[in-house]
Amino acid sequence: MKLSHLAKLESESIHIIREVASEFENPVMLYSIGKDSAVMLHLALKAFSPGKLPFKLLHVDTTWKFKEMIKFRDEIVKKNDLDLIVHINDEGVKNNIGPITHGSKLHTDVMKTQALKQALNKYKFDAAFGGARRDEEKSRAKERIFSFRDENHHWDPKNQRPELWHLYNTKIDKGESVRVFPLSNWTELDVWQYIYQEKIEIVPLYLAAIRPIIKRDNLLLMVDDKRLDVRESETIKNKLVRFRTLGCYPLTGAIESNAKSVEEIILELIQSKNSEREGRAIDKDQIGSMEKKKQEGYF
Amino acid sequence: MDLDKFFQDQNKKKQVKILTCGSVDDGKSTLLGRLLFDSQNIFLDQMNQAKIESEKYGTQGKEIDLALLVDGLQAEREQGITIDVAYRYFETSNCKFIVADTPGHEQYTRNMATGASNSDVAIILIDAQKGVLEQTRRHSFIVSLLGIKHIVVAINKMDLVNYNENVFETIRDEYKELISNFTFTTINFIPLSALKGDNIFSKFENTNWYKGPTLIEALEKTDVLDSSRDNKFSFPVQWVNRSSANFRGYSGTITDGKISTGELITTTSSNKQISVKNIYGPQGELSEAYSGQAITLTLSDELDISRGDIILSTKNDQIMKANQFASHLIWMDQEPMLPERNYIFRFNNSYINGKITDLVHSINVNSFEEVASKKLNLNDIAYCKVAIDKMHGISSYSNNQKLGSFVIIDPYSNKTIGVGMIDHALRRSSNISWHEMSINKKTRSELNSQKPCVVWFTGLSGSGKSTIANILEQKLHTAGKRTYLLDGDNVRHGLNKDLGFTDTDRVENIRRVAEVSKLMVDAGLITLVSFISPFKSERQMAKDLLSSDEFFEIFVSTSLEECEKRDPKGLYKKARAGELKNFTGIDSSYEEPENPDLVLDTNSTNAEELADQIINFLQVNKII
């Protein structure tokens with residue numbers, strides 16, 4: 001018998017998740033509420049079934065996520081009896097840091113990268129799962145599945161530990177940590193196909209609906225709350241849109257789409273000619289920008 | 001479009017993992033860019049990004065440089081070379097491909113091995129203008145060493161040799177000669193041009209003399225390992241699932257063969273045979289499961305099984321317990337591998353301390369010759385004997401890659417510094433058993449009315465180690481204690497006279513002295529060891545031979561400057577003049593102890609008083 005491609009990916013991810021639980025003292029799963037996190041969580045629940053997850057979830061809340069994301073997060077936690085930590089960078093909140101007033105670069109650094117480091121330091125996590133995939137972005141394509149971080153959470157792309165077979169090096173010193181990416185080998189299509197096959201719940205924002213939209217810097221932004229300063233030159237239009245990725249709402253562009261179900265998303269994806277990170281403003285600040293962010297400790 | 005049909009087709013696609021290897025300018029990244037581009041796995045925005053970057057870094061004039069689609073890291077884009085392993089994904093109507101794109105330079109052998117470790121098929125690129133190069137030989141050797149059975153030899157840049165059949169045939173024949181000793185199952189030679197896209201997805205008319213498959217056809221035909229071999233079931237336990245009082249399951253990934261409910265199994269930690277009760281796969285309960293699946297098993301009877309153990313079919317005789325084995329090794333660190341040094345060995349589900357006991361020979365990857373050597377440098381490949389601290393279930397790499405492979409980790413930096421592929425278990429470990437003597441360490445030390453131990457002096461040459469040790473021994477002797485002083489210089493006149501001062505020999509020097517001092521402790525003696533012992537790993541090795549209350553590390557902390565000033569034997573002067581090579585402190589390093597039991601400062605205190613400090617220390621620790 002030969003395993004299907006998806007069955008192979010599924011088993012590989014479960015193996016990785018169990019390996020972390022076995023070898024690290026205090027792991028955590030970064031839960032971003034997006035579709036990749038949903039798949040990662042689903043795989044983790046399978047890995048330890050019929051038992052509970054042997055680690056907590058962590059959500060780094062920038063305070064600028066879509067309202068629907070937060071609602072969905074709380075429902076999932078309740079339904080699956082999960083242990084979730086929500087961390088917000090209070091310093092950033094005190095200084096009113098936000099994507100509109102401070103731009104995507106500073107906002108992401110303070111409310112996401114710094115906040116993440118704060119949380120990792122506070123709870124002394126020695127391993128953190130992330131849902132990133134290698135097909136998302138070119139510098140991700142080179143990252144190890146078990147990706148070592150020094151005590152400042154920095155990634156050194158030129159000095160990565162060789163990773164052969166499935167023999168992951170989990171040895172670290174105090175203060176150091178490892179980021180673990182169980183979905184490394186999944187593509188966007190694999191993720192959607194798995195969501196469909198397993199009937200995994202996802203945030204409704206992924207599905208097309210009429211939403212209040214403005215156009216800014218070639219991105220279609222949803223007016224999720226009053227903090228989005230709609231300018232005089234801009235008009236709010238109700239448009240049938242959906243999101244291919246989810247992040248801070250003023251930084252996440254919608255796409256016009258009729259896809260109201262997972263099936264329709266997959267059909268759209270097969271015919272699509274744009275890759276999913278296109279909707280993200282933060283990747284294109286400068287050439288090589290994701291690689292720079294990652295070196296500094298971004299996921 | 002019918003979605004269910006689409007998924008059925010998707011699920012029928014087989015997964016093939018490809019390794020691409022070629023030298024610097026063979027056009028490897030271009031080939032990969034071409035595969036992604038022609039299989040329509042490149043999105044519009046990625047294409048636009050490549051266009052922008054082509055203007056900045058491109059090498060193809062006004063054309064889009066396809067290589068820029070795949071060279072991910074910024075440094076690579078700027079230098080125009082690939083420096084790490086990148087993974088790429090594309091699919092055709094029959095297959096899903098995962099590509100490990102690895103660099104070709106000699107200094108990146110380790111990255112190539114990394115990519116090869118998880119691949120089913122290798123594409124070996126040869127530039128038609130250059131033919132078989134040294135790098136081609138090296139790549140082929142590594143691919144073979146890592147056990148890849150299928151290769152495609154892509155003879156690239158045919159457009160630059162006018163698609164000349166003779167050029168193709170000459171290279172093919174030369175390559176066949178080169179690999180005559182390797183055991184590849186399938187070899188395809190394909191003339192192509194990555195730049196133009198010839199013979200990649202479709203046949204090209206200018207090479208109508210070529211009757212074989214296109215590159216994609218050859219890759220799609222890769223025979224992915226059949227995972228249901230009978231009687232081969234092996235299952236390293238990864239995690240014990242005790243989610244409730246009445247559930248005890250063993251989780252892990254099957255590394256070989258298949259298992260059915262009711263089948264008899266045994267483990268590497270017990271000879272008992274019991275049967276499989278339930279199998280839980282990711283999709284629920286199963287009646288049988290296969291290699292590659294992550295499952296949880298429950299068993300018919302209680303058995304003490306934990307992470308590190310391997311559950312096996314009772315008929316599987318290919319997995320054996322051993323603590324010594326012969327293995328191929330690829331060294332991956334700047335710091336050389338020295339035999340007898342302590343390392344951590346990571347196997348499928350356990351970490352075990354151990355060392356390389358014999359470096360049988362290293363292998364010249366260009367000529368495939370076996371060469372005698374005393375240490376391994378970065379990217380060296382060798383055949384070695386390994387000893388680990390406890391018995392562990394292993395397989396030969398050729399039988400089971402998952403249980404026949406290991407990585408080596410530096411116990412100090414935690415870096416991955418090497419990898420190995422097991423050839424066979426060594427029988428000597430099970431044949432030589434330890435003789436239990438009726439007179440032992442305890443009875444001897446009772447007769448001597450003293451507690452034996454090692455007092456290990458470390459410090460630079462001329463720091464005062466031997467002077468202090470000598471006074472200490474006199475004091476102990478006067479007090480009626482039985483002692484022995486092992487002095488570096490003296491031992492080098494006899495037991496270790498065959499050793500020089502290279503790093504390799506220094507490690508062996510200390511290993512022998514450590515073993516001798518262990519015997520002396522066993523004989524009931526207070527053993528003083530006065531050796532420079534410059535490396536912390538060897539001092540740790542000596543310490544590990546004894547129990548924690550038997551070994552005391554004394555650091556004579558005299559500075560290099562002061563030692564050089566004293567220079568009692570005139571050695572520093574000679575070393576500075578270049579007459580003495582590998583002299584500690586001058587052109588060979590000294591690693592200071594991080595947590596010595598005692599630090600002696602010879603600047604402020606004389607040798608007599610320092611000896612008294614040690615006496616005091618030994619009294620406090622109830623040695624005397």
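The structure reproduced in this document is the subject of the present report. Counting of residues starts from 1 at the beginning of each chain's written sequence and follows it residue by residue. To read the labels, note that chains go from A and ligands from 1, taken in the order they are written. Residue-level local features of this predicted model are given only where pLDDT is at least 70; pairs of side-chain atoms are given and counted only at 80 or more, and the full residue set underlies all totals for whole chains, interfaces and linings.

This part is about the overall build of chain A. Helix and strand labels come from DSSP, where a helix needs a run of H or I of at least four residues and a strand needs a run of E of at least two; each type is numbered from the N terminus. Looking only at helices and strands, chain A features 8 helices and 10 strands. Here chain A holds 299 residues, and 53% of them are scored as buried. In this scheme the burial state of a residue depends on its C-beta neighbours within 10 Å: 20 or more other such atoms mean buried, 12 or fewer mean exposed, and anything in between means partly exposed; the C-beta positions come from the backbone.

Bringing the interface of chain A and chain B into the picture now. The interface is formed by 51 residues belonging to chain A together with 59 residues belonging to chain B. Looking at the side of chain A that touches chain B, the elements that each hand over two or more residues are helix H1 (5-23), helix H2 (35-48) and helix H7 (262-271) of chain A. With 11 residues, the top contributor of residues to the side of chain A that touches chain B is H1 of chain A. Within the side of chain A that touches chain B, the residues separate by chemical class into 17 nonpolar, 15 polar and 19 charged. Note on contacts: each residue gets a C-beta atom placed from the backbone, and two residues are in contact if those atoms are within 7 Å. Only Asp, Glu, Lys and Arg are considered charged, only Ala, Val, Leu, Ile, Met, Phe, Trp, Tyr, Cys and Pro nonpolar, and every remaining residue, Gly among them, polar.

Glancing now at helix H2 (residues 28-38) of chain B. Residues and elements named next belong to chain B. Buried residues dominate H2, accounting for 9 of its 11 residues. Those residues of H2 not exposed but buried are Lys28, Ser29, Thr30, Leu31, Leu32, Gly33, Arg34, Leu35 and Leu36. Buried positions along H2 lie against strand E1 (14-21), strand E2 (86-91), strand E3 (95-101), strand E4 (121-127) and strand E5 (150-156).

Attention shifts here to the sheet that holds strand E27 (residues 551-556) of chain B. Residues and elements named next belong to chain B. Pairing is parallel in the open sheet, where 5 strands are placed in the order E25-E26-E24-E27-E28. Of all the strands in the sheet, the pair left with one neighbour each is strand E25 (483-487) and strand E28 (598-600). Strand-to-strand twist in this sheet, taken as the mean axis angle between neighbours without regard to direction, amounts to 20 degrees. The pairing of E27 with E28 spans 3 bridges and is classified as parallel. Counted as the bridge partner of Val556 is Leu600 from E28. Contacting strand E24 (453-458), E25 and strand E26 (526-530), helix H13 (residues 503-522) runs over the sheet at an angle of about 165 degrees to E26. Sheet strands touched by helix H17 (residues 607-620): E24, E27 and E28. Its angle to E28, the strand with the most contacts, is close to 170 degrees. Following DSSP output, two strands are said to pair if at least two bridges run between them. For helices, the fitted line uses only the C-alpha atoms of the stretch in contact; every axis is such a line through C-alpha atoms, and the angle between N-to-C directions lies from 0 to 180 degrees.

In a packed pair of helices, the relevant descriptors are the angle between the two axes and the axis-to-axis distance. All names here are of chain B. Following both chains from N to C, one finds helix H5 (residues 109-117) and helix H6 (residues 134-145) inclined at 40 degrees, their axes separated by 9 Å at the closest point. Taken together, the axis directions place H5 and H6 in an arrangement best described as oblique. Judged by the sense of rotation from one axis to the other, the crossing of H5 with H6 is right-handed. The segment H5 lies against H6, with Thr109, Met112, Ala113 and Ala116 engaging His139, Ile142 and Val143. Should an angle fall under 35 degrees it is called roughly parallel, over 145 degrees roughly antiparallel, and 65 to 115 degrees roughly perpendicular, with every other angle called oblique. By convention the crossing between two helices is left-handed if the near helix lies anticlockwise of the far one by an angle smaller than a right angle, and right-handed if it lies clockwise.

Right, let's get into unusual backbone geometry. The residue after Ser49 of chain A, namely Pro50 of chain A, is reached through a cis peptide bond having omega 0 degrees. Located in the positive-phi region is Tyr163 of chain B, a residue other than glycine, with phi close to 50 degrees. Overall, the presence of 22 C-beta atoms within 10 Å leaves Tyr163 of chain B in the buried class. Of note, the phi angle at Asn582 of chain B is positive, near 55 degrees, even though the residue is not glycine. Its place among the elements puts Asn582 of chain B in the loop between helix H16 (571-576) and E28. Asn582 of chain B gets classed as partly exposed once you count the C-beta atoms within 10 Å, which come to 14.

All names here are of chain B. Every buried residue of helix H14 (residues 536-545) is listed here: Glu538, Arg539, Met541 and Ala542. Looking straight down H14, one finds its buried side chains confined to an arc of 155 degrees; they lie on one side. On its buried face, H14 sits against strand E18 (342-346), E24, H13 and E27. Directions pointing from the helix axis toward each C-beta atom define the arc.

Counting residues in hydrophobic clusters, the biggest one holds 218 residues, and the most contacted among them are Met29 of chain A together with Ala122, Ile124, Val143, Val152, Ala154 and Ile155 of chain B. Considering each element in turn, this core owes the most residues, 8 residues, to H2 of chain A. Discounting chain neighbours no more than four positions away, the residues touching Ile155 of chain B are Ile126, Ala128, Phe168, Ile171, Phe189, Ile190, Pro191 and Leu192 of chain B. By definition, a nonpolar core groups buried Ala, Val, Leu, Ile, Met, Phe, Trp, Tyr and Cys residues that are joined through C-beta atoms within 7 Å.

So, about the pairing of strand E23 (residues 416-425) of chain B. Residue and element names in this part refer to chain B. Taking burial as the measure, the 10 residues of E23 include 7 buried ones, the bulk of the element. As judged from the 7 bridges shared by strand E17 (residues 320-331) and E23, these two strands associate in the antiparallel manner. Note that in E23 the partner of Ala326 across the bridge is His424. Relative to E23, strand E22 (residues 405-409) runs antiparallel, the two sharing 5 bridges. Looking at the pairing, Phe406 lines up with Gly420 of E23. Remark: 6 residues form the turn of the hairpin made by E22 and E23, two consecutive strands paired antiparallel; Asn414 in that turn has positive phi of roughly 65 degrees.

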